[in-house]
Every structure is written in C-alpha cells, then in structure tokens.
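Structure assessment
Each chain is listed here by its residues.
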Amino acid sequence: MLDIAGIRVGYPAPGGGTLVVVDDLSLTLAAGEIGCLLGASGCGKTTVLRAVAGFEPVLAGSIDVQGRRVAAAGLSLPPEKRSVGMMFQDYALFPHMDAADNVGFGLRGLAREARRARVAEMLDLVGLGARGGAYPHELSGGQQQRVALARALAPDPALLLLDEPFSNLDTDTRQQLAAELRALLKASGATVLMVTHDQAEAFTMADRIGVMDGGRILQWDCAEALYRRPVDRFVAGFIGRGTLVTAAAVGLGRGGDVLLRPHALRPDPLGPVEAELVALAFRGPGHVLGLRLGGGAVVEIDLDDADLPAVRGLAPGAPLRLRLADDALVAFD
Ligand SMILES: Nc1ncnc2c1ncn2[C@@H]1O[C@H](COP(=O)(O)OP(=O)(O)OP(=O)(O)O)[C@@H](O)[C@H]1O
C-alpha cells in the first residue's frame, strides 16, 4: 500500500548545496495498517511526511502509494494527485467555517446531497454528529482534533498522514485520545503514517513503529519487538526504561553489555548477582529499588509486592543478592 524505498530528502543549505536530513530511509505499510515514525525533535520525521504528501521532492529512492509511483529522483506528482490526506499539527481548521463546512472542504467536487451525506457520515464516525454547526472556537481541543480527522478522512484518501496528532492537547487527555483515535482509524479502514516524539503515543496507536535518529530508521517493528529485541544500543536506550551495564556486572561470563529492564533483576538470597542497595522508594503503583552493581553501575528495578519482604528495612549501603529473570535480557557485543 505504501512503499518507501531508500529515499533521500534535503533542504537547500545556507552556504549552497543541499543539507540531507533524511537518508536511505525505507518502510512499507500494508492496507489498513497504522505506522508511526518515532524520534527526537529534528530527526527528520516531518520531512518524511512532507515527502510522502508531495511537499518536498526526493533526491534518491522512490515512494509508491497503492502501487503507483508518486515520487522518485526527477519525479514528483503534485499533492492533489497522490490520494494522500494530511492532518497537520495545529489541525489548520478554518475558523470562520463550522465543523460541517470544515469537513466538507475537500468534497467540493461532489454534488450537494452526496457531500452533505458524506459530511454527516464523517462527523458521526468521530462522534460529533450533533456538533456540525459548531465553530472551531466552540469546540474543545480534542473535538477540534476529531473535526480535523473527519476532514482528512472525508475524501477517502488511500493514505492518511498525521503529524504529531496530539501535540497541542494536555497530557491527561492525550493517552485516552490516542486509544480513541486508533479505534476510529481502524473503523475507517484507513492506512496511516503518523509521526510523534512520544513513545507512549506511538505504542498506543501504531501497528509498526520506526525508531528514527539522524534521518534514518534504525528499526521498523511492532512495539513489543522494539522493547524486547532492540537492534542496537540507541533503540535499547530510546525505548522504555532500562540501563546498559557490562555483562560482568551481573555475573555473566561473557563480554559486551546487557540491557537491564525494570524487571530483569529479582531479589533472591541465593542469587548470583551481588549489589548494594542505594534507595528504596514507593513511586506508585509499586516500589522502585535503586542498586549499585559490581563495577559501580547504578540501576533501578521495579519490585513486585512479593519481593518487598526481602528488601524492606534494609538501609542504603546494605548488600543484596539478586538473580536474573530468564527472559528479560538483551545483550550487545
Ligand atoms: N524548510 C526547511 N529548510 C531547511 N531546513 C529544514 C527545513 N525544515 C526542516 N529542516 C531541518 O531538517 C531537519 C529535520 O526536520 P524535521 O522537521 O523533519 O524534524 P522532526 O523530526 O519532524 O522534528 P520535530 O519533532 O521538531 O518536528 C532539522 O534539522 C530541521 O532544522
């Protein structure tokens, strides 16, 4: 459905030449899948969306949508010929139009009755069937987002692009809306490529996630694979909580490093790993134990309630033994 193969995208550099900000980037999405590019500010996420939408040419590589080549070196179909819809960070709703007119904006080619029916269908889909007459300033941030989504979906694009869909909503509602938006998108059957810098959002929304750094995708995978089987140290450090320590620090007879996730070590008086307690704190919903391992690395582990008796009452500096949980280790040479 979407096939991005080895694209390079750049901007004119101030001193002449080209500043390449996306390089050799590839990904594929099947029809109905939600993909997400995840990375820190400036890593090139939005530039990829702009290249797919047709706002930036590609210098190398190609982009195919529904089997049709829309971009390659020297080829750039205009945005309106790509069957791609885009929802921008700020929603870009027209303030002087009510919700229904905003949703109908991209449907001007339709006869009046067909257009009215499609607008009603889209407003119903996003749960705003009764608010078609409301102006953007009369709607909450989350409702504006849903109007923007209805507008982007109304022309039935083959592919929908979402740029930081929750960026101007408060954190409390973001997580809930992410789950809602995923359900809406799945109900609509849309194929989606979105970008965010927020891992929780990416994990809630997407079927596949690409972790980006420096204009490249380091790993394109489902959330669980990114967490359990990160391909390199960058992905390991970027996704989820965890600390890289030497294998020797946890008593393994091998070189290289291992990634300790919050459940990788369990208190066990007979365990082979020696550590010193640094701190025990209740963070809600459970306790977090800070440990200094042999070699000096400090790590945090999440305790289960069953682990508490083994550590309660210990003072900072107290020695402690632990064992490695079997399935929690990721190793790097
Ligand atoms: N129009 C432009 N002209 C020149 N450089 C640009 C332009 N747009 C973006 N850049 C640069 O390209 C790089 C990637 O920008 P991009 O917006 O794709 O990153 P991003 O990952 O989406 O970041 P953010 O999360 O902050 O939006 C950045 O270094 C940025 O400064």
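Residues numbered from 1 in each chain as written. Predicted model: local features only at pLDDT ≥ 70, side-chain atom pairs only at ≥ 80, totals over all residues. Heavy atoms only, no water.

Naming follows an unreviewed UniProt entry, where the protein appears as ABC transporter ATP-binding protein of Luteimonas granuli.

1. Digging into helix H1 (residues 45-53)
Basically, it comes down to this: Only protein chains enter the accessibility calculation, which uses a 1.4 Å probe; a residue whose area is less than 20% of its type maximum is buried, one above 50% is exposed, and one in between is partly exposed. By definition, any uninterrupted DSSP run of H or I lasting at least four residues is a helix, any uninterrupted run of E lasting at least two residues is a strand, and each is numbered from the N terminus.
When you tally the buried positions in H1, you get 7 out of 9 residues, the bulk of the element. Turning to H1, its buried residues are Lys45, Thr47, Val48, Leu49, Ala51, Val52 and Ala53. Taken from the residues just after H1, glycine 54 is the one with a positive phi, measuring 105°.

2. Structural notes on the pattern of salt bridges
How we decide: Whenever a carboxyl oxygen of Asp or Glu lies within 4 Å of a side-chain nitrogen of Lys or Arg, that contact is scored as a salt bridge.
Under the defined criterion, the tally for this structure stands at 20 salt bridges. Two residues, arginine 118 and glutamate 121, come together in a salt bridge whose shortest N-O distance is 3.2 Å. Placement of both arginine 118 and glutamate 121 in helix H3 (residues 112-125) is noted, with a separation of 3 residues, approximately one turn of the helix. Aspartate 268 is the salt-bridge partner of arginine 323, the closest N and O atoms lying 3.1 Å from each other. Of the two residues, arginine 323 is situated in strand S18 (residues 319-324) and aspartate 268 in the loop between strand S14 (265-267) and strand S15 (273-282); the sequence distance between them amounts to 55 residues. Each of Arg241, Arg283, Glu300 and Asp302 takes part in salt bridges that share partners, so that together they form one network.

3. Topic: the pairing of strand S3 (residues 34-38)
For clarity, the cut-off: Two strands are said to pair when DSSP picks up at least two bridges between them.
Burial within S3 is extensive, with 5 of its 5 residues counted as buried. The alternating pattern of S3 places Ile34, Cys36 and Leu38 on one face and Gly35 and Leu37 on the opposite face, and all of these are buried. Where S3 lies against strand S9 (residues 191-196), 5 bridges are found, and the strand directions are parallel. Each bridged residue has a counterpart across the sheet, and for leucine 37 the counterpart in S9 is valine 195.

4. Regarding the site of the ligand
Selection criterion: Any residue with a heavy atom positioned within 4 Å of a molecule or strand is treated as near that molecule or strand. Two N or O atoms count as a polar contact when they lie within 3.5 Å, although within protein this holds only if one can serve as hydrogen donor and the other as acceptor, and sequence-adjacent residues are included solely when both atoms are side-chain atoms. Using a 1.4 Å probe, the Shrake-Rupley method yields the accessible areas, and only the shown protein chains count as cover for residues. Just so you know the grouping, Ala, Val, Leu, Ile, Met, Phe, Trp, Tyr, Cys and Pro go in nonpolar, Asp, Glu, Lys and Arg go in charged, and all remaining residues, Gly too, go in polar.
Contacts to the ligand come from Tyr11, Val21, Ala40, Ser41, Gly42, Cys43, Gly44, Lys45, Thr46, Thr47 and Glu164. Take serine 41: an N or O atom from its side chain is 2.6 Å from an oxygen atom of the ligand. Between an oxygen atom of the ligand and a main-chain N or O atom of glycine 44, the distance comes to 3.0 Å. Coverage of the ligand by the protein amounts to 58% of the 630 Å² it exposes when considered alone. For the shell around the ligand, the element with the highest residue contribution is H1, accounting for 3 residues. Its residues placed into classes, the shell around the ligand shows 4 nonpolar, 5 polar and 2 charged.

5. With respect to the layout of surface pockets
Quick reminder of the rule: Buriedness for pockets is judged along seven lines, at least five of which must meet protein on both sides within 12 Å for an open set on the 1 Å grid over protein atoms alone, while cavities are sets there where a 1.4 Å probe fits but cannot get out, and lining residues have an atom within 4 Å of a point. Grid points are joined across faces, edges and corners, and a volume is the space filled by probe spheres set on the points.
The space that makes up the largest pocket amounts to roughly 580 Å³. Lining the largest pocket are 20 residues, with Val84, Gly85, Met86, Ala152 and Pro155 sitting closest to its centre. Taken together, the elements giving at least two residues each to the lining of the largest pocket come down to strand S7 (84-87) and helix H4 (141-153). The element best represented in the lining of the largest pocket is S7, accounting for 4 residues.

6. Some details on the state of the cysteines
Which entries qualify depends on this criterion: Whenever a pair of cysteine sulfur atoms sits within 2.5 Å, that pair is classed as a disulfide.
A complete count under the given rule lists 0 disulfides for this structure. Considering cysteine sulfurs only, cysteine 43 is the nearest to cysteine 36, which forms no disulfide, with 10 Å between them. Using a relative accessible area of 0% as the deciding quantity, one classes cysteine 36 as buried. Cysteine cysteine 222 remains unbridged, with the sulfur of cysteine 36 as its closest cysteine sulfur at 13 Å.

7. Thoughts on the confidence of the model for the protein
Just so we agree on the cut-off: For every residue, the predictor states its confidence as a pLDDT score lying anywhere from 0 to 100.
Across the protein, the average pLDDT comes to 90, with 98% of residues at or above 70. Confidence, expressed as mean pLDDT per element, reaches its minimum in the protein at helix H5 (residues 171-188) with 80 and its maximum at S3 with 97.

8. Considering the side chain of aspartate 302
Rules: Note on contacts: a residue pair is in contact if any heavy atoms of the two residues lie within 4.5 Å.
Within the secondary structure, aspartate 302 sits in strand S17 (residues 298-302). According to the relative accessible area criterion, aspartate 302 is buried, its value standing at 17%. A polar atom in the side chain of aspartate 302 sits 2.9 Å from the side chain of arginine 241. With sequence-adjacent residues up to four places away left out, aspartate 302 is seen in contact with Arg241, Pro262, His263, Arg266, His287 and Val288.

9. Some details on the sheet that holds strand S6 (residues 75-76)
Note the threshold: Axis angles are defined between N-to-C directions and span 0 to 180 degrees, where every axis is a line fitted to C-alpha atoms and, for a helix, only to the segment in contact.
Across the sheet, 5 strands lie side by side as S2-S1-S4-S5-S6; this open sheet has antiparallel pairing. Each edge of the sheet is formed by a strand with only one pairing partner; in this case those strands are strand S2 (18-29) and S6. In the sheet, strand S1 (residues 2-12) pairs with S2 via 8 bridges, with the strands oriented antiparallel. Its bridge partner lying in S2, isoleucine 7 is registered against leucine 25. Contacts from H1 reach S1, S2 and strand S4 (60-65), with the element oriented near 110° to S1.

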